[in-house]
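Next come the chains, spelled out residue by residue.
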Amino acid sequence: LTGVSPLRQGTDTRGDSLPAEYDLLTERLSARGWRVAGLQAFMLIDLFRNLGFEYELGTDMRAWIAGRVREKEPFFLWYHYLDTHLPYNPAGAEDILADFPAADRAAAARIDAVRTLPAIPEGAVAFNADDRPWVEALYRGGFDDFDAWFAGFWAFFEQSGLRDTTILIVTADHGEELLERGQVGHASTTRAGHLHEEIVRVPLFVWAPPGLLPVPPGTVIDAPSDHRMIAPTLAGMLGLGEISAHEAPGLFE
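This section reports on the structure supplied with the text.

Rules behind the numbers
Position labels on residues start from 1 in each chain and follow its written sequence. Note on the predicted model: pLDDT of at least 70 is required for a residue's local features to be given, and 80 or more for side-chain atom pairs to be given and counted; whole-chain, interface and lining totals, by contrast, use all residues. The side-chain values count all of the structure's non-hydrogen atoms but skip hydrogen atoms and water molecules. Runs of E in the DSSP output that reach at least two residues are strands. Runs of H or I that reach at least four are helices, and both are numbered from the N terminus. We call two residues in contact whenever any of their non-hydrogen atoms come within 4.5 Å of each other. Each residue gets one of three labels from its accessible area relative to the maximum for its type: buried under 20%, exposed over 50%, partly exposed in between, using a 1.4 Å probe on protein chains only. Between any two strands, at least two bridges found by DSSP are needed for them to pair.

One can find glutamine 40 in the loop between strand S1 (35–38) and strand S2 (54–55). Not counting the four nearest positions on each side in its chain, glutamine 40 is found in contact with Leu57, Tyr79, His80 and Leu82.

As structure tokens, then:
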């Protein structure tokens, strides 16, 4: 959102906030009359202060977007899908676990921890190497849920006409450990400081209507990229000019 690394910003842990003087993509859009919003309650924590958003908490995402379409109001919306995060408890969890019966009480307790805890700090649960199949199965079940959710969203995106007018970026803020190093979730990034491949390799795709995407549709960029490139990419596509704080080029440069 800023095009600046968290370490340079000084916003790398809970309790930190972005300095108010940053020149932001979101603020430039607001100045042009765009509605810039986040809808979820977790965005009230300190880390999301001074990011240029109005927080319209508790509003249904599709209803909010439909309102902007009806009013012909340009908008920038950040929506954070949370249900692939710990706890891993997808809609079909019981059916998934039927293929992985718990061997004893200790195994049942580990399964319960993965299905109920929002974070599992390093050392809090003594996982076994043979837990990995059911951990992965629960995690993938969460992605089945996401696929269904996104299919519904994409149908709405097309039916509402947004496909022809709107840039859509889908990415993730982190990956998840599935017992590669004996842990589940991403607690190691905050507890032990690990940044292995499973944490830092995340999906990123950009959808844009004809005329706005500066590369042929379906282009795959093999070069390394990171989230600092998203803000300059959007600034270029939307004609906002150069933003001095940006540390990296856009994705298509």
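After presenting the structure, the write-up continues.
Here we come to the pairing of S1. By the alternation rule, side chains of S1 split into Arg35 and Ala37 and Val36 and Gly38, which are all buried. Both S1 and strand S3 (residues 75–78) contribute to a ladder of four bridges, which runs parallel. Its bridge partner being in S3, valine 36 is matched across the sheet by phenylalanine 76. Two strands pair when backbone bridges link them, and S1 and S2 are joined in this way by two bridges, in the parallel orientation. Its bridge partner being in S2, alanine 37 is matched across the sheet by glutamate 54.

Here leucine 234 lies in helix H9 (residues 230–237). In the structure, leucine 234 is positioned 17 residues away from leucine 251 in sequence and 9.4 Å away in space, judged by C-alpha atoms. Not counting chain neighbours up to four residues away, the residues in contact with leucine 234 comprise Leu25, Phe76, Ile167 and Ile169.

Interpretation note: all reported values are geometric properties and have no functional meaning in isolation.
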